[in-house]
Structures are given as C-alpha cells and as structure tokens.
Amino acid sequence: PSSLFDLEVMDSDFERPLDGTACGVACRTLREHYAPRTCESPFDTHKALYETGYKSTLTVPILVNGKKCAGAILIPRKEEDGFSKQSRVLISDIACILGSNLYSKRLRKATEESNKMSRQILNSFVPAKVLEKIECYWNEPKPIPRRKSEKSMTSYGS
C-alpha cells in the first residue's frame, strides 16, 4: 500500500501481495519479524501503522508441520519496543498451535475424501450383499451392548 488510505480499504477477502512486507519476510524465512520501532521500519504497512499511533509490531508465521507457512499474525502495539521476549515466544507458540490445527484439519479432510473414494470404488466392484456384511468395518464404531450374564458374573465372585 502506498498510503494509509490504501491500508484501510484493503478487503481481507482478497489475496494481498507479500513482497515488501513484514508478513512476506516472516513467511519466506519461517521466523518472526519484530519491529521494535515502526518509525524506522522499511515497510509501508509499518509506516502507516506508525502514523496511526502504533510504535512496534510483531509478525509471526503460522507454520504447518513446521515447514510450510500458511499465513502470518501481525500484532501492533502502541508502545515502542512493546513486546518482551517472553511475549514473543508465547505468540510464536500460539501460531504453532494454529498451524498444528490447520495441519490436522487438512489431514482429516484428506482422510475423509480418501475414505469416500475407496467406498465408491468398492461399491462399483463388490456386490451389495457382500458390502452389507463388511460395511460395519468402516462405519463409526457402535457401542457393544453388555450381556446380562456379564453383570451377574462381575458381582458373582465377590
């Protein structure tokens, strides 16, 4: 963005270019980018934030599986050098948790899609009567009802 106005009107539903931004640096290096004084930052977004009263920023990548960047968290503060080392570590940990959550959701979605495809392939090759007999192995497990004799056996020996 070339001005504060551009920064304010950018719609979050559209992709934003990462080149020349702190988010771009964080995503490329897979490390946090800390700007303790936004007035000295080379990034236009930091300068625009400084004009609105934010004097420091922390940008942390959201890592998926520790190797791929899914996005970044940018947090501004009104205080100069507004993030302690402990705060920066804590925010990085939060970003790691977000990345883990993204990874597990993607994995779950891929597993569900694979299971669906497997069922479709199986349905096209195996007769319906056979499928009825083996369907219990891929559906959600149902609780097994206890027999009445099991209850009496547990209290029997005491």
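The coordinates are above.
What counts and what doesn't
- Residues numbered from 1 in each chain as written.
- Predicted model: local features only at pLDDT ≥ 70, side-chain atom pairs only at ≥ 80, totals over all residues.
- Heavy atoms only, no water.
- Core = buried A, V, L, I, M, F, W, Y, C linked by side-chain atoms within 4.5 Å.
- Buried < 20%, exposed > 50% of the residue type's maximum accessible area, 1.4 Å probe, protein only.
- Helix = DSSP H or I, 4+ residues; strand = E, 2+ residues; numbered from the N terminus.
- Pairing = 2+ DSSP bridges.
- Axes fitted to C-alpha atoms, helices over the stretch in contact; angles between N-to-C directions.
- Contact = heavy atoms within 4.5 Å.
- Arc of directions from axis to C-beta.

Draft legend 1. Quick look at the nonpolar core. Residues Tyr34, Leu58, Val60, Ile62, Phe83, Ile91 and Ala95 constitute the largest nonpolar core, which totals seven residues. Mapped onto this core, the elements with two or more residues apiece are β2 (56-64) and α4 (85-125). Broken down by element, this core gets its largest block of residues, three residues, from β2.

Draft legend 2. Region of the structure containing the sheet that holds strand β3 (residues 68-77). Ordered in space as β1-β2-β3, the three strands form an open sheet in which the pairing is antiparallel. Looking at strand neighbours, the two that pair on one side only are β1 (33-35) and β3, the edges of this open sheet. Taken over all neighbouring pairs, the strand axes of this sheet differ in orientation by 15° on average, direction set aside. Taken together, the nine bridges between β2 and β3 define a ladder with antiparallel strand orientation. Across the sheet, Thr59 pairs through a bridge with Leu74, a residue of β3. This element, helix α2 (residues 22-29), spans β1, β2 and β3 of the sheet and lies at about 140° to β3.

Draft legend 3. Representation of helix α3 (residues 44-51). Within α3, the full set of buried residues consists of Thr45, His46, Ala48 and Leu49. Around the axis of α3, the buried residues are gathered within 160° of arc, so they sit on the same side. Remark: Gly53 follows α3 within two positions and exhibits a positive phi of approximately 105°.

Draft legend 4. Quick look at α2. Every buried residue belonging to α2 is among Ala22, Cys23, Gly24, Ala26 and Cys27, and all of these are buried. Among the structural elements, β1, α3, β2 and β3 are those in contact with the buried residues of α2. Where α2 terminates, the next one or two residues include Leu30, which has phi positive at roughly 60°.

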